2 protein chains.
Amino acid sequence: MNPTAQAAPPSATPGTASPPPRLVVIGGGFAGLWAVRALAREPIAITLVDRANHHLFQPLLYQVATAGLSAPDIAAPLRHILRAQANVDVRLAEVTGIDLGARRVRLGGGGSGGSADDTLAYDVLLVASGAAHAYFGRDDWAAHAPGLKTLDDALTIRRRVLTAFERAEAAAASGDAAGRDAWLHFAVVGGGPTGVELAGTLAEIAHHTLKREFRHIDPSRARVRLVEAGPAVLASFPPPLQAKARAQLERLGVEVVTGTPVGGIDADGYRLGGRHHDCRTVLWAAGVAASPLGAMLAATPAAGSGSPAIELDRAGRVKVRPDLSLPGHPEVFVAGDLASLVQPDGRPVPGIAPAAKQMGRHVAHVLRARLAGRPAGSAGPFVYRDYGNLATIGRMAAVVDLRGLRISGLLAWWFWLAAHVFFLIGFRNRLLVLLNWAWAYWTYQRHARIVHGGAADKDV
Amino acid sequence: MNPTAQAAPPSATPGTASPPPRLVVIGGGFAGLWAVRALAREPIAITLVDRANHHLFQPLLYQVATAGLSAPDIAAPLRHILRAQANVDVRLAEVTGIDLGARRVRLGGGGSGGSADDTLAYDVLLVASGAAHAYFGRDDWAAHAPGLKTLDDALTIRRRVLTAFERAEAAAASGDAAGRDAWLHFAVVGGGPTGVELAGTLAEIAHHTLKREFRHIDPSRARVRLVEAGPAVLASFPPPLQAKARAQLERLGVEVVTGTPVGGIDADGYRLGGRHHDCRTVLWAAGVAASPLGAMLAATPAAGSGSPAIELDRAGRVKVRPDLSLPGHPEVFVAGDLASLVQPDGRPVPGIAPAAKQMGRHVAHVLRARLAGRPAGSAGPFVYRDYGNLATIGRMAAVVDLRGLRISGLLAWWFWLAAHVFFLIGFRNRLLVLLNWAWAYWTYQRHARIVHGGAADKDV
């Protein structure tokens, strides 16, 4: 039996009047959206389900968190992006269950419309629900150290950072030096790209943006600390660029601590190297865990005695076959941050936006081959094409690794900026984001320094 | 005894080394901010207290609610606006008490920093904490019909409006025609400027912005109803412009109902003319009540037997003396939407932004006269200079009443647009807001159609 042939829906045969095959895509991130767009001209009835109404340009999310951009600058309604693609139906809903046997997805909860027990039947399913931050089993840290994955996360971080300076000012005005120092201490846990971006930008805010705005504190005396358990920041970069990144961070005023894991996080601060540090703002950029839909898939009982089990890797990501389908379920694909795949050359596919886009397009490619009746496997295995690795550090500081060409500093920063503005979806966003940045660049100002939406975060 | 002379602080005498008089300003809206800025060169120690970190350009708040602008487009940090004004100290805090006898303001609660029982001593106090929406004693309506006063209010309305179309789509997809219609019914209660703006823009969203984006509903079949208890919309305009405004609303697709009060609002809809109407989105633009600080002032026991009582008007606003000071308390001023004043010609000062700015500047004028040692009353009574009355209705529709010159339609809309962009604070905001609007104008798109911050509003 050929499992991929079995998945080609009967209606794919040209010339028949049967309804088109139904593809349900869970998640409108890079993987899901790129798959949907690559299938624009195919005779498929696509339903794209997301619990948010927007596609988010996640690489710039840290700019929303640090008040450089407003939320709508880096997000666009999925419905609007796909308005001209007639074969797509967009649904704002939370997926609460996947029944691989009955081939149905259950919708419900927060974002869902209609009745709570809505279900969607599929012929082909793509699960691309991404990742969330994880606290390595220390979920009690979550309340004290917000992570950065969604727009709401970004606005929470923005609120806490901006409020911290206000609290420091109030503490100083009433003569409370210890309180002032605790509010002026910012710790970022995790030295990956997100942690580096956050720490570098926090230092810029403290040293430049807020200059002369306070009467009782000197914001430039804020302490910004980046804590990485591993030996260096930006683990995915070659060591010379790691060293350059560290030097650039230190030039911006960030205190970089490597080789030391954080021992605890509470309402008053964090533990590091056996000592407790008073700190009111700890940001979490250390752990990523796959979306809970991975565990939902893995909990499915094996279809028959010969059916291979669905396995998760250590981060909860779903181990997929080389064509990104699920073992034993050729009609189900997993792509993006939720997929775990080691390529033929032994290298794992990284959890970054370009890889997610490529995976989404690959799934579309496999489906097109099936629809055209080409033999299974003709689409080939997924291979990640690595065009380079970029990380920004702060104002005029970045590192770029383009397959051997390594640059850092101002040139790398311009390269990073050009690439990110280019990839932002939609003309309007590109143009206005560029203007916002040009303005911020010359003035050191950050136009989105507005605290709102605090109802969920009353303790701060 | 001359009460105004008594209020002139001793330190105002030039040449003495005594500390400058302390002015506490509560509220960074138009009245408070304009007063503070008008005192930039005076030897006064000003503390500006606000529970938000930003000044809000309230006349464009409906654009944030209807996804045309993002929150930072119409707000700027108070601290940033005042960074160069050395005699001002900005405090993010909630005022929890005013002690007129001891001349102290108590800070605490949500926005406050430092210890909970912070107090600020003053020599002169300006209370400019504005107004909030009121439900005429029907506070149970508040949960079902959000009003529009703060950025959080605007984002709540945006979330509910955008989600309503999503829910209608889901209901239609599952064959629930009644649910679809209830989600596609939008009612705006109150035909003042805010209600007219909201209704007109909702109609524009339904008829143009969302065109072709849904597969199961036709957004242009949404029903947008504006309900006004009085005989006409825009009560503050002359009748011919009221009629024009109504005609323009109807041309945009708004159903205008006048002369009929809403009888009830619940989770399923509203009552009107004895009938219940299924409607999932009711917006409240009907009632305004003064900030609770008015009641706090009025609760102060009269200082002596000869001291006049502090009275509130029907809307809870504080009745002030012609120079905007409090009866019996020449050292306390009330300005902006919280102040109730009938001018010498018998006309009340309207609760609009230009009047608030003028009141703020008048308080500064009175204080400058006192500091200069000029006789009490030399600053004269406050007189509102009425430069005209503008109201926008929607795309290319507005009414303008410039002391007899009455225009409506496209020309009025351009006039309104120019005036509002001009008055937005700060070059950056003006330029980018203009670009956003130019873009929205040509494309009918609204760039801020992003739902976020829903944690406080999980029922929707």
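The following refers to the structure shown.

### Observations concerning the pairing of strand E14 (residues 262–266) of chain B
All names here are of chain B. Pairing between E14 and strand E15 (residues 269–272): four bridges, direction antiparallel. Residue pairing across strands places Gly-264 opposite Arg-271, the latter belonging to E15. In sequence, E14 turns back onto E15 through a hairpin of two residues.

### So, the environment of Ala-315 of chain B
Residues and elements named next belong to chain B. Take Ala-315: it is sitting in the loop between helix H9 (293–298) and strand E19 (318–319). A relative accessible area of 31% means that Ala-315 is categorised as partly exposed. Remark: the alpha-carbon pair of Ala-315 and Leu-162, spanning 153 residues in sequence, is separated by 32 Å. Apart from the residues within four sequence positions on either side, Ala-315 is in contact with Val-288, Ala-289 and Ala-290.

### Side note on the sheet that holds E14 of chain B
All names here are of chain B. As summarised here, the arrangement of the three strands in space is E14-E15-E16, forming an open sheet in which the pairing is antiparallel. With partners counted over all chains shown, the strands left at the sheet margins are E14 and strand E16 (275–278), one partner each. The average undirected angle you get between the axes of adjacent strands in this sheet is 20 degrees. By the bridge criterion, four bridges tie E15 to E16 in an arrangement that is antiparallel. Looking at the pairing, Tyr-270 lines up with His-277 of E16.

### Overview of the side chain of His-420 of chain A
Residues and elements named next belong to chain A. Of note, His-420 is situated in helix H11 (residues 410–423). For His-420, a relative accessible area of 12% gives the class buried. In contact with His-420, not counting residues within four places along its chain, are Phe-57, Pro-59, Leu-60 and Leu-390.

### Here we look at the packing of helix H2 (residues 30–38) of chain B against helix H10 (residues 353–371) of chain B
Residues and elements named next belong to chain B. Running from N to C, H2 and H10 point in directions that differ by 35 degrees, and their axes come no closer than 7 Å. The handedness of the crossing between H2 and H10 comes out as right-handed. Of the residues in H10, those in contact with Phe-30, Ala-31, Trp-34, Ala-35 and Ala-38 of H2 are Ala-353, Ala-356, Lys-357, Gly-360, Arg-361, Ala-364 and Arg-368. For the contact of H2 with H10, the class distribution of residues is eight nonpolar, one polar and three charged.

### Re helix H7 (residues 193–209) of chain B
Relative to the 24 Å expected for 17 residues at 1.5 Å per residue, H7 of chain B spans 22 Å between its end C-alpha atoms, a close match to the ideal helical length. For H7 of chain B, the tally of buried residues reaches 13 of 17 residues, placing the bulk of the element in the interior.

### Details of the sheet that holds strand E20 (residues 325–326) of chain A
Strand order in the open sheet formed by six strands is E5-E2-E1-E9-E21-E20 (chain A), and the pairing between neighbours is mixed. Pairing within the sheet leaves two strands with one partner each, and these edge strands are strand E5 (88–92) and E20 of chain A.

### Focus: the side chain of Gln-248 of chain A
Residue and element names in this part refer to chain A. Summarising the element assignment, Gln-248 is placed in helix H8 (residues 239–252). Look at Gln-248 and you get buried, because its relative accessible area is 6%. Discounting chain neighbours no more than four positions away, the residues touching Gln-248 are Ile-393, Ala-397, Ala-398, Val-399, Ser-408 and Gly-409.

### Quick look at the packing of aromatic side chains
All names here are of chain A. Under the counting rule described, the total for this entry stands at 18 aromatic pairs over all chains. Taken together, a centroid distance of 4.7 Å and an interplanar angle of 25 degrees make the contact between Tyr-135 and Trp-284 stacked. Pair noted here: Tyr-135 is in the loop between strand E10 (131–133) and helix H5 (151–173) and Trp-284 is in strand E17 (residues 281–284), with a separation of 149 residues, a long-range link. Pair check on accessibility: Tyr-135 and Trp-284 agree, each one buried. Positioned above the aromatic ring of Trp-34 is the side chain of Arg-37, whose terminal nitrogen or guanidinium carbon lies 4.6 Å from the ring centre. Of note, Arg-280 hangs over the ring of Trp-183, and the distance from its end group to the ring centre comes to 5.7 Å.

### With respect to a nonpolar patch on the surface
Taken together, Met-396, Leu-410 and Trp-414 of chain A make up a surface patch of nonpolar side chains, about 280 Å² in accessible area. Turning to its location among the elements, Met-396 of chain A is positioned in the loop between strand E23 (389–394) and strand E24 (397–402).

### Concerning the pattern of salt bridges
Residues and elements named next belong to chain B. Here the structure, examined in full by the defined rule, presents 26 salt bridges over all chains. A salt bridge links Arg-225 to Glu-255; the nearest nitrogen and oxygen atoms lie 2.9 Å apart. Residue Arg-225 is located in strand E12 (residues 223–228), and its partner Glu-255 is located in strand E13 (residues 254–258); the two are separated by 30 residues in the primary sequence. We classify Arg-225 as buried; its relative accessible area is 8%. The exposure class of Glu-255 is partly exposed, given its relative accessible area of 30%.

### Observations regarding the environment of Gln-242 of chain A
All names here are of chain A. Inspection of the secondary structure assignment puts Gln-242 in helix H8. Look at Gln-242 and you get buried, because its relative accessible area is 13%. Sequence-distant contacts of Gln-242, defined by excluding residues within four places in its chain, comprise Ala-232, Val-233, Leu-234, Ala-235 and Phe-237.

### Concerning helix H5 (residues 151–173) of chain B
With 23 residues, H5 of chain B should reach 33 Å at 1.5 Å per residue; the first-to-last C-alpha distance of 33 Å fits that figure. Phi turns positive one or two residues past the end of H5 of chain B, at Gly-175 of chain B, with a value near 80 degrees.

### So, unusual backbone geometry
Backbone geometry at Phe-136 of chain A places phi at a positive 50 degrees, although glycine is not the residue there. Turning to its location among the elements, Phe-136 of chain A is positioned in the loop between E10 and H5. In this structure, Leu-234 of chain B takes a positive phi of about 50 degrees despite not being glycine. On the accessibility criterion, Leu-234 of chain B (1% relative accessible area) is buried.

Thresholds applied
- Residues numbered from 1 in each chain as written.
- Chains lettered and ligands numbered in written order.
- Predicted model: local features only at pLDDT ≥ 70, side-chain atom pairs only at ≥ 80, totals over all residues.
- Heavy atoms only, no water.
- Pairing = 2+ DSSP bridges.
- Helix = DSSP H or I, 4+ residues; strand = E, 2+ residues; numbered from the N terminus.
- Buried < 20%, exposed > 50% of the residue type's maximum accessible area, 1.4 Å probe, protein only.
- Contact = heavy atoms within 4.5 Å.
- Axes fitted to C-alpha atoms, helices over the stretch in contact; angles between N-to-C directions.
- Left-handed = near helix turned anticlockwise from the far one by under 90°.
- Nonpolar A, V, L, I, M, F, W, Y, C, P; charged D, E, K, R; others polar.
- Expected span 1.5 Å × (residues − 1).
- Phe/Tyr/Trp six-rings, centres within 6.5 Å; stacked < 30°, edge-to-face > 60°.
- Lys NZ or Arg CZ within 6 Å of the ring centre and 35° of its normal.
- Patch = residues over 30% accessible without salt bridge, like charges linked within 9 Å, V, L, I, M, F, W, Y side chains within 5 Å.
- Areas by Shrake-Rupley, 256 points an atom, 1.4 Å probe, with all protein chains shown as cover.
- Salt bridge = Lys/Arg side-chain N within 4 Å of Asp/Glu carboxyl O.

The analysis is restricted to geometry; functional conclusions fall outside its scope.
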